[in-house]
Amino acid sequence: MPFPAQDHGCPGWKGEMARRISEFDWAATDLGAIQNWPRSLTASVQMLLASPVPLVLLWGQSGYMIYNDAYAIFAGGRHPYLLGCQVEHGWPEVAEFNRHVMVTCLAGGTLSYRDKQLVLLREGKPEEVWMDLYYSPVADDTGAPAGVLAIVVETTARVLTERWRQRAEAELRETNERLQLALNTGAVLGTWVLDVRTGSVTGDERFARTFAFPLEEATKGVERNAATQVIHPDDQALNDRLTLEAMRTGQPFRAEYRIRRRDGDYMWVQANGQCEFNEQGEPTRFPGVLIDIHERKIAEQSLRQLTETLEQRVADAVAAQALAEEQLRQAQKMEAIGSLTGGVAHDFNNVLQVINGNLQMLAADAGDSPAMLRRLSAATDAVKRGAKLAAHLLAFARRQPLSPTVLNPRRLLAGMSEMLHRALGETVKIETVLSDDLWHVQADRNQLENALLNLAINARDAMQADGTLTVRAANRVLDAAFCHGKPELSPGEYVVFSVTDTGTGMKPEILERVFEPFFTTKPDGHGTGLGLSMVFGFVRQSGGHTVIDSEEGQGTTVSLFFPRCCEPETPEAVDQTAAPVGGGETILVVEDDADVRLTAVEMLAQLGYKVLTASSADAALEFVDSDVPIDLLFTDVVMPGKVKSVELAQRAAARSPAVPTLFTSGYTRDEIVHHGKLDAGITLLSKPYRRDDLARKVRSVLRAGVARVVGVGDGQIAPCVPRKAYDPASASEASGTSVSGRHESLHEPVPSLENSPENSVTNSLPGSMASPPVHQPGKPARVLLVEDDLDSREALSDLLGALGLDCTAVASAEDALPLVPAQRYDILFTDLTLPGMSGDNLARAVLRLQPDIRVLLVSGYGKSAQIGEAIPGARLLGKPLDISQLRRELAEWLDHTEAAS
Ligand code: ADP
Ligand code: MG
C-alpha cells in the first residue's frame, strides 16, 4: 500500500525521515516489509517522527534503529547509515553500553542518564560527548516489550559551558584574592577607572583618601582635571602625555609622578593601567592602580646624587691629600734646610771668632804701619761680612738669639718711616695704613725692623722703582677655617704687618721657593736670596707666621702674623757706648773649642781680667765647687759632657757670694732660649763678638751681679753644693782645666783630644797611642802625604816641609802603597776621598805592613766624615787645616825650636 504523496509509510508520517523510513527495504531485515509491521510498531514510529526531541526506536532483539529528524542531526556523519542498522553495529564504540540497555529494557526496565559522557565517532574521529539519555521499553501488540525507545539529548555544549564557567569563576576568585592581598599591603594607594567618554574618574576608598576626595564623590566620579590637580606641576605634562599614548596604542600605561598629600608634602607614586576599547576600537574605560614608590624613589635619588657627586668628591679628596702632602713636603724641606743652615752657620761663626780674635790682637800689636792696618781692616771687614751672612743663616734656621720686647706696632712703623723712604727712593709712593687700637706684639725690635725693611726692598726691586708700596698693620682674629692647612698657625688674636707692592708678582714655581736660603732671581751681586728666608725664620722663631700672596703681573703682599701680646710696651733701652775695662776680677772661661777659648782668654786678659779656663762644664765644675775666687762665669752654651752649661751657671749662682754668668753661643738652642726668648736672668753674647761687645757685656753682668738663674724647665735654683778644697794640679790634669792670668803664659795646654769623642776615630787600641813613635831624635820625621788635589798637595807638602818634616807626596793610594815596604815612614797623612782606593782603606793596608805608623786622615767633610770600620790609633782631621792644628797633631815629631817659633 503506497503512501500518499506527503505521507510516507503510514498516513500522517511527515518529513525527511518519514520518507527514508518508508522507502527503506525493511523486508531484508528481521522486521519484515513495512506493510506487515504490527500496529504497535507503526504507532511508535509515528509518535517518534512527530517529536522534535531526538528519538530512536531500537526494535526487536537486535535493536533495529528507526529514528527521527532530530536524531539524524545528532548522528552526524553516521546518518543515514544508522537507519535499519542493528544498534550494536550502528554504534560499535558503545556496543557494550547498548547491549546492557537492550537487555534491561526488553526485560521491562527503564534507564536514564544525565550528562552521560561517551566517546562517539560521528564524523570518523573520536569525539567526547555528553548526553541526557532516557530508555524505556515499547510493547508489541501483545503487550510484551518488543523494542526500546531512547530519548537522546546531547548536552555537550552545556557541559562544556558549565565547565568553562566554573574554571572562570575559580580564576576570578583567585584574581580577586590576589588583588585584595595587594591592596592590603599598603603599597597600593587606590584603584581608579577613567570613563574615557565622560572624562570622569571613579576610585575606591584608598583612592579617595590618597587624592583627598570625599568617598561618595570618588565612587560617584570626579572630573579628571580635578583629580590630576594634586599631581606636582612639574610632572603633569608627563602624566598627560603617557595617558594619551596609552589610549592611542592600547599599550600598558605606567607613569611615575609626585602627588601632593594632605600635609602639603609631595610623595612619589606609580600609576599602572591599561585602556580598554570597544569593537570600533574607541577607548572606553581606563582602569588603573596607584602604588606608593616614595621610599624607593628617594633612595634612587640620593644614590644618583651620590654617584653624580662621587667623582667630584673623589677629586676633592685627592686634591686635599695632594695639598697636605705638598705642605708636609715643603715643611720638611724647610726643616731640613734649616738644620743644615744652622749647623753651617754655627761652625762658620766659630771660624770667624778665631779669625776675628786674632785680627784684633794683631791690631793691638800692629803699631802705626799703614799697610798692616789696611790689611787688618780689610780682613776685619770680611769677617763682618761673614758674620752678617752667618747671622742671616741663623735667622733662617730660627737660631738667632733674639731679645724680644713688647712693641707698639704704630710707634715701630712710625720710627721706620724715614728709613723706608731712604731705602725706596723718591719714585716709590709709600702708603701706611694702620688700624686704630693696634694690639702690642712681643718681638725683637731690630729684627722686626730688619724684616720689614727686607720686604720693602724686595717690593722696590719688584716695582723697578715705580709704584706704590703699602705698609699695613692690623689686628686680626684668626679662626679655625683660616688656620686650616697652616700647621704653624693656631686660631687666636694676631697683629698682621703686611707689605704690598704693585710690582711684577711671582710665578707659582718661584713663590714655592722664595723662603729657601740663597734662592734669588736677581742678577749676581743684586740679591743674596737670604732676605725672605731670614724673615721666615725670624717670624717663626717669634711664634708667628709668614704668608705670601702673589700673582704674576699683579703684585705681591707679604703678611707677617705675630701673636697678640697683652703686656705694656717695653721702654726703649739707652745705649751704652763706652767700652769699659776690667778691674782685675777673675773670670772662668768655659769653652770646648780650643781656638775660641784661646781668643776669649787673650781678649779678657788684654781687658785686664784674670782668667781661668776649662774645656768643659764638667771640668769647670771643679773650679766652681772649690774655694778659688771667681767673679764671673763666661761659658759657651752648648758643650759636650755630662754637665750642661745652665746647670753650671746654677751652681755658680749658688756659691757664696753668688757668681753671675755670661753665656756665649754660635747659636742658641733650647738650653737657654725658649719660644724665641732668652730665659729670665740670662745674658747672652752672640758669636762672633768683638772685644768691645765682650768688654761691655762682662762689665754689665759684673755690675748687675747674679740675677735669678732659672733652671731649664723647672724654674728652680740649684741647691748649694758642698765645696772641695781646690787642687790646681789635679784639676788641671784630671779635666783639662788650666789657670792663666794677665801676666801668665797665654799658651793653652794641649787638650786631651785623643779621648775627646768628636775627634778620635777610635780608641779601641789604647796602647797604640800611648807608645812613642819609632823616631830617631835628630833626624826629621818621614811623612807619606797622599792627596789627589795638586794645589792642596803642594800647599801641604810645603807646610810639612816648613815644620821640618821629610815629606813624600803622591796623588793616590795606588802610588803610595808600593812605597811603604821599601821605605820606613813615621806618619801616613792621607786625604780620605781619593780617586781609586780610599784613604781609610789605604791606612788599613799600610797599618798591616807597618803597625806603628801614625795615621792622620783629612777630610773636606770635616771631623764628622764617615769612615767604615774603626782604624786603631788613627786621627781624623777636617779641612781646612791650619798650622797650629798641624803643630798640635805632629808635636812629637817637631823640632822644638821650630815648634816654639
Ligand atoms: P733676594 O731679594 O736677595 O733675591 P729674597 O729672599 O729677599 O732674596 O727674595 C727671594 C726671591 O723672591 C727674589 O729674588 C724674588 O724673585 C722673589 N721676591 C721676593 N719678594 C718679591 C716681591 N715683592 N715681588 C716679586 N718677587 C719677589
Ligand atoms: Mg731680598
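Residues numbered from 1 in each chain as written. Chains lettered and ligands numbered in written order. Predicted model: local features only at pLDDT ≥ 70, side-chain atom pairs only at ≥ 80, totals over all residues. Heavy atoms only, no water.

1. A look at the overall build of the protein
Helix and strand content of the protein: 29 helices and 32 strands. Out of the 901 residues belonging to the protein, those deemed buried represent 44%. Long-range pairs, those at least 24 residues apart, make up 63% of the contacts in the protein between residues at least 6 apart in sequence. Total accessible area on the protein is roughly 46,500 Å²; 54% of this is exposed by carbon and sulfur atoms. (Helix = DSSP H or I, 4+ residues; strand = E, 2+ residues; numbered from the N terminus. Buried < 20%, exposed > 50% of the residue type's maximum accessible area, 1.4 Å probe, protein only. Contact = heavy atoms within 4.5 Å. Areas by Shrake-Rupley, 256 points an atom, 1.4 Å probe, with all protein chains shown as cover.)

2. Remarks on the nonpolar core
Most often, soluble globular proteins have nonpolar side chains that are buried together. One finds Ile 21, Trp 37, Tyr 71 and Trp 91 to be the most contacted residues of the largest nonpolar core, which totals 48 residues. Non-local contacts of Ile 21, meaning those with residues more than four positions away in its chain, are made with Trp 13, Trp 26, Ile 34, Trp 37, Val 45, Leu 49, Ile 66, Tyr 67 and Leu 83. (Core = buried A, V, L, I, M, F, W, Y, C linked by side-chain atoms within 4.5 Å.)

3. A closer look at the site of ligand 1
Lining the immediate environment of ligand 1, one finds 19 residues, of which Asn 458, Thr 520, Thr 521, Lys 522 and Gly 529 sit closest. Interatomic distance of 2.4 Å between a side-chain N/O atom of Thr 521 and an oxygen atom of ligand 1. Coverage of ligand 1 by the protein chains reaches 93% of its 520 Å² of free accessible surface. Broken down by secondary-structure element, the contributors of at least two residues to the shell around ligand 1 are α14 (445-463) and α17 (531-541). The biggest single contributor to the shell around ligand 1 is α14, with three residues. Counted by class, the shell around ligand 1 contains seven nonpolar, ten polar and two charged residues. (Near = heavy atom within 4 Å. Polar contact = N/O pair within 3.5 Å; in protein donor to acceptor, adjacent residues only side chain to side chain. Nonpolar A, V, L, I, M, F, W, Y, C, P; charged D, E, K, R; others polar.)

4. A closer look at the pattern of salt bridges
Under the counting rule described, the total for this entry stands at 44 salt bridges. A salt bridge links Arg 241 to Glu 245; the shortest N-O distance between them is 3.8 Å. Within this pair, Arg 241 and its partner Glu 245 are both found in helix α10 (residues 233-249), separated by four residues, close to a single helical turn. Residue classification places Arg 241 among the partly exposed positions, given a relative accessible area of 47%. (Salt bridge = Lys/Arg side-chain N within 4 Å of Asp/Glu carboxyl O.)

5. So, a nonpolar patch on the surface
Residues Val 53, Tyr 134 and Val 153 make up a contiguous nonpolar surface patch of about 190 Å² in total accessible area. Following the sequence through the fold, Tyr 134 ends up in strand β4 (residues 127-139). In this structure Tyr 134 comes out as partly exposed when scored by relative accessible area, which is 32%. (Patch = residues over 30% accessible without salt bridge, like charges linked within 9 Å, V, L, I, M, F, W, Y side chains within 5 Å.)

6. Here's the deal with the sheet that holds β4
Sheet architecture is open: five strands sit in the order β2-β1-β5-β4-β3, paired in antiparallel fashion. A single partner strand is all that each edge strand has here, and the edge strands are β2 (64-67) and β3 (111-120). Put simply, the sheet's adjacent strands are angled 30 degrees from each other on average, direction ignored. Relative to β4, β3 runs antiparallel, the two sharing eight bridges. Considered in β4, the bridge of Leu 111 is made with Tyr 135. Contacts from helix α2 (residues 39-50) reach β1 (55-59), β2, β4 and β5 (145-154) within the one sheet, and its direction differs from that of β1 by about 165 degrees. (Pairing = 2+ DSSP bridges. Axes fitted to C-alpha atoms, helices over the stretch in contact; angles between N-to-C directions.)

7. Considering the packing of aromatic side chains
Applying the stated criterion to the full structure yields 19 aromatic pairs. Summarising the aromatic geometry, the rings of Trp 26 and Trp 37 are spaced 5.0 Å apart at their centres and angled 70 degrees between planes, so their arrangement reads as edge-to-face. Here Trp 26 is found in the loop between α1 (16-23) and α2, whereas its partner Trp 37 is found in the loop between α1 and α2, with eleven residues between them in sequence. What makes Trp 26 buried here is its relative accessible area of 1%. Residue classification places Trp 37 among the buried residues on the basis of a relative accessible area of 6%. Taking 6.4 Å as the distance between ring centres and 80 degrees as the angle between the ring planes, the aromatic pair formed by Trp 192 and Phe 253 counts as edge-to-face. Placement of the pair is Trp 192 in strand β6 (residues 188-195) and Phe 253 in strand β9 (residues 253-260), with a sequence separation of 61 residues. According to the relative accessible area criterion, Trp 192 is buried, its value standing at 11%. (Phe/Tyr/Trp six-rings, centres within 6.5 Å; stacked < 30°, edge-to-face > 60°.)

8. A closer look at the packing of helix α19 (residues 617-624) against helix α20 (residues 645-653)
For the pair α19 and α20, the least separation of the axes is 10 Å and the interaxial angle reads 5 degrees. The angle between α19 and α20 falls in the class roughly parallel. In contact with Ala 617, Ala 620, Leu 621 and Val 624 of α19, α20 contributes Leu 648, Arg 651 and Ala 652. The class makeup of the residues in the contact of α19 with α20 is six nonpolar, no polar and one charged. (Parallel < 35°, antiparallel > 145°, perpendicular 65-115°, else oblique.)

9. Describing the side chain of Arg 655
Residue position: Arg 655 is located in the loop between α20 and β23 (661-665). This buried residue, Arg 655, is left without a salt bridge; Asp 627 holds the nearest opposite charge, at 6.5 Å. Within the local environment of Arg 655, its side chain forms a polar contact with the backbone oxygen of Val 624, the two atoms lying 3.1 Å apart. (Lys, Arg positive; Asp, Glu negative; His and termini not counted.)

10. Thoughts on the packing of helix α12 (residues 370-396) against α17
Where α12 contacts α17, the two axes come as close as 6 Å, and the packing angle between them is 50 degrees. Taken together, the axis directions place α12 and α17 in an arrangement best described as oblique. Note on element contacts: α17 touches α12 through Ser 533, Met 534, Phe 536, Gly 537 and Phe 538, opposite His 392, Ala 395 and Phe 396. By residue class, the composition of the contact of α12 with α17 is five nonpolar, three polar and no charged.

11. What about the side chain of Glu 256?
Considering the arrangement of structural elements, one finds Glu 256 in strand β9. A distance of 3.2 Å separates polar atoms of two side chains, one belonging to Glu 256 and the other to Gln 270. Here the side chain of Glu 256 touches Arg 296 through a polar contact of 2.8 Å, side chain to side chain. Ignoring sequence-local partners within four residues, the contact set of Glu 256 consists of Leu 238, Trp 268, Val 269, Gln 270, Ile 293, Arg 296 and Lys 297.

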